[in-house]
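Here are the chains, one letter per residue:
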Amino acid sequence: MPKPSWLAEPEKLWSPWKLEGDALIEGKQDALLLALKEQQHAGIDIVSDGEQTRQHFVTTFIEHLNGVDFEKREVVKIRDRYDASVPTVVGAVSRSKPVFVEDAKFLRRHTTQPIKWALPGPMTMIDTLYDNHYKSREKLAWEFAKILNQEARELEAAGVDIIQFDEPAFNVFFDDMNDWGVAALERAIEGLQCETAVHICYGYGIKANTDWKKTLGSEWRQYEESFPKLQKSNIDIISLECHNSHVPIDLLELIRGKKVMVGAIDGAVVSCRGKRQASGSCGRSGNCSGRNINLL
């Protein structure tokens, strides 16, 4: 969800925080409460933090890890689609302390409703970095999977009911996804008792993504590559981009037996506190539709 203008500039990727120190902590909590109240007002039954405490759905998690240098940057091609300057993996990656757990505890104290929390998936994390240490996408993904599992277990202990992993890379790197990507994701959910979800989208409303979508034709059938493997996986819920896309709805048959989260609102035109949410059409945030479809 868009951030209040007093916290960060809306409609801007990696917008810098306008507050510092304790004021920033309090400002993030205030924004989280506003996002919660808006969801409750809209009648959403499964709520989230609206991602109010993070600048980006991937890099905010990575910047809290050891082994990644944000000052040493290299240009890589993201999702085989566009070039970006990204941080460098310079050593063994590890997590010395929780990243989102205190935020989850804060949200849990303010609602009795089910909570869904989003984390980046291992394959999408490695696609957002330059690896100068492991020199292997697969090895780095497995290391991130272990770190994500640590965070997910603590989020579950903090009262989170659904933990979702965002994996837009699953819609691009089909061979890697089938060879080790889904397995790495299963490592990330190992031992969890709460429900787990994976979200696979086509990307958000930046020009590189919208231009790519224009090349996909009248039917977007990329889910045919990922659904068979995910249908056999231990993931409970599959979340997909649907509204304002050209995904044939009959592809859902490929994940019969799973719960399905369907992106039901075009996020590019959702207004929030008077601001336009320019994130593209997708169901990732979970704030559009709190209800799942049981495809059993």
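Predicted model, so just to flag it, every value in this text is computed and none were measured.

Parameters and conventions
- Residues numbered from 1 in each chain as written.
- Predicted model: local features only at pLDDT ≥ 70, side-chain atom pairs only at ≥ 80, totals over all residues.
- Heavy atoms only, no water.
- Helix = DSSP H or I, 4+ residues; strand = E, 2+ residues; numbered from the N terminus.
- Buried < 20%, exposed > 50% of the residue type's maximum accessible area, 1.4 Å probe, protein only.
- Areas by Shrake-Rupley, 256 points an atom, 1.4 Å probe, with all protein chains shown as cover.
- 1 Å grid on protein atoms, 1.4 Å probe; cavity = no way out; pocket = protein on both sides within 12 Å on 5 of 7 lines; lining within 4 Å.
- Points joined across faces, edges and corners; volume = space filled by probe spheres on them.
- Pairing = 2+ DSSP bridges.
- Axes fitted to C-alpha atoms, helices over the stretch in contact; angles between N-to-C directions.
- Parallel < 35°, antiparallel > 145°, perpendicular 65-115°, else oblique.
- Left-handed = near helix turned anticlockwise from the far one by under 90°.
- Contact = heavy atoms within 4.5 Å.
- Nonpolar A, V, L, I, M, F, W, Y, C, P; charged D, E, K, R; others polar.
- Polar contact = N/O pair within 3.5 Å; in protein donor to acceptor, adjacent residues only side chain to side chain.
- pLDDT = per-residue confidence, 0-100.
- Expected span 1.5 Å × (residues − 1).
- Salt bridge = Lys/Arg side-chain N within 4 Å of Asp/Glu carboxyl O.

**Quick word on the overall build of the protein chain**
Step number 1: Within the protein chain, the regular secondary structure consists of eight helices and 11 strands.
Step number 2: Each of the 296 residues in the protein chain was classed as buried or not, and the buried ones make up 53%.
Step number 3: Only carbon and sulfur atoms are counted for the fraction: they give 48% of the accessible area of the protein chain, which is about 13000 Å².

**Structural notes on the layout of surface pockets**
Step number 1: The calculated volume of the second largest pocket comes to roughly 430 Å³.
Step number 2: Around the second largest pocket, the lining is made up of 21 residues, and of these K28, H64, V99, E102 and D103 lie nearest the centre.
Step number 3: Mapped onto the lining of the second largest pocket, the elements with two or more residues apiece are α1 (21-42) and α3 (101-109).
Step number 4: Looking at the lining of the second largest pocket, the element that brings in the most residues is α3, giving six residues.

**Here we look at the pairing of strand β1 (residues 66-78)**
Step number 1: Of the pairings in the sheet, the one linking β1 to strand β2 (residues 82-94) comprises nine bridges and is antiparallel in character. Residue N66 lies in a different strand from β2, and its bridge partner there is S94.
Step number 2: Where β1 hands over to β2, the hairpin turn is made up of three residues, of which R79 adopts a positive phi near 55 degrees.

**So, the packing of helix α5 (residues 137-157) against helix α6 (residues 174-188)**
Step number 1: Interhelical geometry of α5 versus α6 gives an angle of 25 degrees and a closest axis separation of 7 Å. Between α5 and α6, the interaxial angle falls into the category roughly parallel. Between α5 and α6 the crossing geometry is right-handed. Contacts from R137, E138, A141, W142, A145, K146, L148, N149 and A152 of α5 reach α6 at D176, W180, A183, A184, R187 and A188.
Step number 2: Per-class residue counts for the contact of α5 with α6 are nine nonpolar, one polar and five charged.

**Considerations on the environment of K146**
Step number 1: In this structure, K146 sits in helix α5.
Step number 2: By relative accessible area, K146 is classed as partly exposed at 34%.
Step number 3: Expressed as a C-alpha distance, the spacing of K146 and P122, which sit 24 residues apart in the sequence, is 9.3 Å.
Step number 4: Within the structure, K146 has its side chain in polar contact with the side chain of E143 (distance 3.2 Å).

**What to know about the packing of α6 against helix α8 (residues 223-231)**
Step number 1: Here α6 crosses α8 at 15 degrees, and the two axes come no closer than 9 Å. Put simply, α6 runs roughly parallel to α8. For the element pair α6 and α8, the recorded crossing hand is right-handed. Contacts between α6 and α8 pair F174, M177, N178 and V182 from the former with E225, S226, K229 and L230 from the latter.
Step number 2: Taken together, the residues of the contact of α6 with α8 break down into four nonpolar, two polar and two charged.

**A word on α3**
For the α-helix, the turn length of 3.6 residues means that residues three or four positions removed from each other point alike.
Step number 1: Of all the positions in α3, only V101, A104, F106 and L107 are classed as buried.
Step number 2: Buried residues along α3 sit in contact with α1, β3 (116-120) and α5.

**Quick word on the confidence of the model for the protein chain**
Step number 1: When pLDDT is averaged across the protein chain, the result is 88; 89% of the residues are at 70 or more.
Step number 2: Between residues 270-296, whose pLDDT stays under 50, and residues either more than four places distant or in other chains, the model counts 96 contacts.

**Here's the deal with the sheet that holds β2**
Step number 1: Strand order in this open sheet of three strands is β1-β2-β4, and the pairing throughout is mixed. Every other strand in the sheet has two partners, leaving β1 and β4 (130-131) as the edge strands with one partner each.
Step number 2: Where β2 and β4 come together, two bridges link them in parallel fashion. Each bridged residue has a counterpart across the sheet, and for T88 the counterpart in β4 is Y130.
Step number 3: Along the sheet, α5 contacts β2 and β4; its crossing angle with β2, the most-contacted strand, is approximately 70 degrees.

**Things to note about α1**
Step number 1: In this model α1 runs 32 Å from its N-terminal to its C-terminal C-alpha over 22 residues, within 8% of the 32 Å that 1.5 Å per residue would give.
Step number 2: Against the buried residues of α1 lie α3.
Step number 3: G43 occupies a position one or two residues after α1 and carries a positive phi of about 85 degrees.

**What about the pattern of salt bridges?**
Step number 1: The tally for this structure, following the rule as stated, stands at 18 salt bridges.
Step number 2: The shortest N-O distance in the salt bridge between R95 and E154 comes to 3.0 Å. Highlighted residues: R95 in the loop between β2 and α3 and E154 in helix α5, separated in sequence by 59 residues.
Step number 3: Using a relative accessible area of 13% as the deciding quantity, one classes R95 as buried.

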